[in-house]
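Architecture and fold: a report
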Amino acid sequence: MQHSRAVKELTDKLLTLAQKAHAANISITVDAEESERLEMSLDIFAAVFTHPDLSGWSGLGLAVQAYQKRALSVIHWLAALAENQHSKIPLRLVKGAYWDSEIKRAQENGLVNYPVFTHKSATDVSYLACSQLILSRPDVFYPQFATHNAHTLAAVYQRGKQHPGYEFQRLHGMGEPLYHEIMEAKNWQIPCRVYAPVGHYHELLPYLVRRLLENGANTSFINQINSADIGVDELVSDPVEMVKASTNKTACVLPGAIYGTRLNSQGLNLADPELLQQLQQNLDNLTDKQWQASPLINGSHYSGEQHIINNPFDNRLTVGSVIYADNKAIEQAVNFAAQVFIEWRLSPATTRADCLLKAADLLEQHRLELVSLCIREGGRTIKDALAEVREAVDYCRYYAQSALEEFSTPQKLPGVTGEENLLHHYGRGVFVCISPWNFPIAIFIGQVTAALATGNTVIAKPASQTTLTAMRSVELLHQAGIPESVLQFLPTSGSLIGQHVLPNPRVAGVAFTGSTETAQFINRQLAQHHQAIVPLIAETGGQNAMIADSSALVEQLVQDVIVSAFNSAGQRCSALRVLFVQQEIADKTIAMLIGAMQELSIGDPGSYQTDMGPVIDQAALIPLNAHLETMRHQAKLLYQLPLDDSLRHGSFFPPCLIEINSLSQLTQEVFGPVLHLIRYKASELGQVIEAVNATGYGLTLGIHSRIDANIKTIQQGVKVGNIYVNRNMIGAVVGVQPFGGMGLSGTGPKAGGPDYLRRFAIEQTVTTNTAAIGGNASLLTRDLR
């Protein structure tokens, strides 16, 4: 037996330790004072259970995750199930596979804690606790212990000496020396099932790479046993003692603290059915609430004609009413904003930051109201609406932190002795923030808080389709301490903004998110009516593409394409519009895409089961239907999901997949759930990059490849603002993935990035001759000896 470690010595020592533990009847428990940290040894996520009739960990493992019960409770439940069915369940116990993905997902979702252990020793403890319970019920379980860990093997063997029958399991090609020693040299007489993945290399390669990564980790027993630097005593150390000896210093940072001093926004564990049921009930209770919005000028509501707002899911349902501003209200808003600018500009950065931090807390406290509005007025699904509130919270906290760092004190610059040079940042004046309907909370809050944090007064103009949501957001900002005179709320038509606000000489800047054509109009208005060059911060659309070569994992590709193209009914500026697929995998990709599309649930966005809701209104349907009709004659409609007749009262456009020959067939962005697919040859990668750049847009781009050279070639060749590799291409996180494009896709700087606030500010350098009042004090007081 070729092996770098004396396996015999190791197993002898382990058996001795296990026998002592069994004789002493050691139970796997923790002291009360340690319970807060160590009680997770009983958590359901300590180990993953799989039934032979279920595939992978998505079977019982997923059910366990959803119910959030403890592992031992789940085993008891399974025992009761077996008793009820008068049968025996083969129960396979493994150690937290893919736990790192669960940690990442918990951080992304802003959960309170992790659903899995963050220390391997804790997983080992839980495995032993679970194995002990499983072995104690031979009447209902046939235990199957999958492990390559010698300590675990010895412990299970010692515990199961009186058991009528169980088995070990190992992966083909792994742990062979260990199992050879215990099965043949030690003659344990315990069967060992050797399992192996079966399939084509395309499917098996990711699995095998995953196994190599796991076994190559520093904490892996298979890796440690091959290391001459690790002694036998360390290899056989008791995991219970290791858990007790661990400290908070070695613990993984909780999801809420991954950004250091800036809190991560709170998310909800939507895998918990009890929480989900309560969420659904709370949202249902708000279904009939009617909201009102009106111009809010210096804290006073403006009166006028009320306009009814309908629900895009069902146009027969009303959400509330809106009063729109007229010319008089517009003039008053600009006047008040200009009058208080100097006072707000000179207010301490800490004051402005505190208001934003309070606003973040209020947004989380009033999450349900905002989510309900976002669903009923904007047609967003529950999951999307929750994510949008989180993004708005992140904007508040990120810009508050940025303001403290950049605006609290002037930056001292180096220079000659006897002179002080300070660089100050101040607000520009009255900023007009024009936000879109597709992100009525996040982008609206992001624009407004950036302008406020830098010392500008703000005129907030929401999209007419989502004015009610914006109104509630403004009320919370005022409640957080933003003076009513500093933030004016101006729901009105785009034409009145263009005629009466943009030309006003007191307007010092515009932040805009919307179409490229509207951004160009705003730019012309500012240039025509202002002597000074007024900054326009514009984030516009994109002809966003994803490039997938033949090395792409098709299953992951399809999953990411579905999310990128059809999430939010394709009404994201970052949404995938064109998928370039290398011809070798094109047919398989198309077949799987159609299959995945058939599984999508279209309907009421207020129901959690819904994957896709309506487009924003009937007007949005017109260009989508026109484009589809054109493509029926110029391209190949591969699939469109049928639309149930019960949805006829809403503005629904079912997702469709269209194969085209060239990107040049698309003359403009199609803002909706329409995915275009183009086949390409490996030798044509350069032409694909040229085609993407030729559109003039440059917002987002996805890459699916396992070839580093291809990834580098694409990344260096495309002119886009955000590139996503081997993942979906939507949902940029504030402060992590600063968002914004180039060319026809925007001006920059990127929202949620380190340079964004500076565009809202002016710079002032103050140079003081400190020696002018009698000499250079710093030199005169120096010790010259």
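The structure under discussion appears in the preceding block.
Quantities reported herein were computed from a predicted structural model and do not represent experimental measurements.

Working note: non-glycine residues mostly have negative phi, and peptide bonds are mostly trans. In this structure, the amide linkage connecting Gly748 to the following residue, Pro749, adopts the cis form with an omega of -5°. The residue Pro749 is located in the loop between strand 24 (722-725) and strand 25 (761-769) in this model. Unusually for a residue other than glycine, Gln189 sits at a positive phi of about 65°. Counting through the fold element by element, Gln189 comes out in the loop between helix 8 (176-185) and strand 5 (192-195). Taking relative accessible area as the criterion, Gln189 reaches 61% and is therefore assigned exposed. With a phi close to 55°, Asn726 is a non-glycine residue in the positive phi region. Within the secondary structure, Asn726 sits in the loop between strand 24 and strand 25. Residue Asn726 is classed as partly exposed on the basis of its relative accessible area, which comes to 28%.

On to the pattern of salt bridges. This structure, assessed with the given rule, holds 19 salt bridges. Between Arg397 and Glu364 there is a salt bridge, with the nearest N and O atoms lying 3.3 Å from each other. With Arg397 in helix 18 (residues 382-407) and Glu364 in helix 16 (residues 349-365), the pair connects residues that are 33 residues apart, well separated along the chain. Each member of the pair, Arg397 together with Glu364, is buried. Here Arg758 ties to Asp755 by a salt bridge, and the two come within 3.2 Å at their closest N and O atoms.

Right, let's get into the sheet that holds strand 12 (residues 419-427). Taken together, three strands build an open sheet; the order of strands is 11-12-25 and the sheet is antiparallel. Both outer strands of the open sheet, strand 11 (411-413) and strand 25, are each paired with one neighbouring strand and no more. The sheet shows a mean angle of 25° between the axes of neighbouring strands, direction not considered. Where strand 12 and strand 25 come together, nine bridges link them in antiparallel fashion. When the sheet's bridge partners are listed, Tyr426 is paired in strand 25 with Ile762.

Cut-offs and rules
Residues numbered from 1 in each chain as written. Predicted model: local features only at pLDDT ≥ 70, side-chain atom pairs only at ≥ 80, totals over all residues. Heavy atoms only, no water. Helix = DSSP H or I, 4+ residues; strand = E, 2+ residues; numbered from the N terminus. Buried < 20%, exposed > 50% of the residue type's maximum accessible area, 1.4 Å probe, protein only. Salt bridge = Lys/Arg side-chain N within 4 Å of Asp/Glu carboxyl O. Pairing = 2+ DSSP bridges. Axes fitted to C-alpha atoms, helices over the stretch in contact; angles between N-to-C directions.

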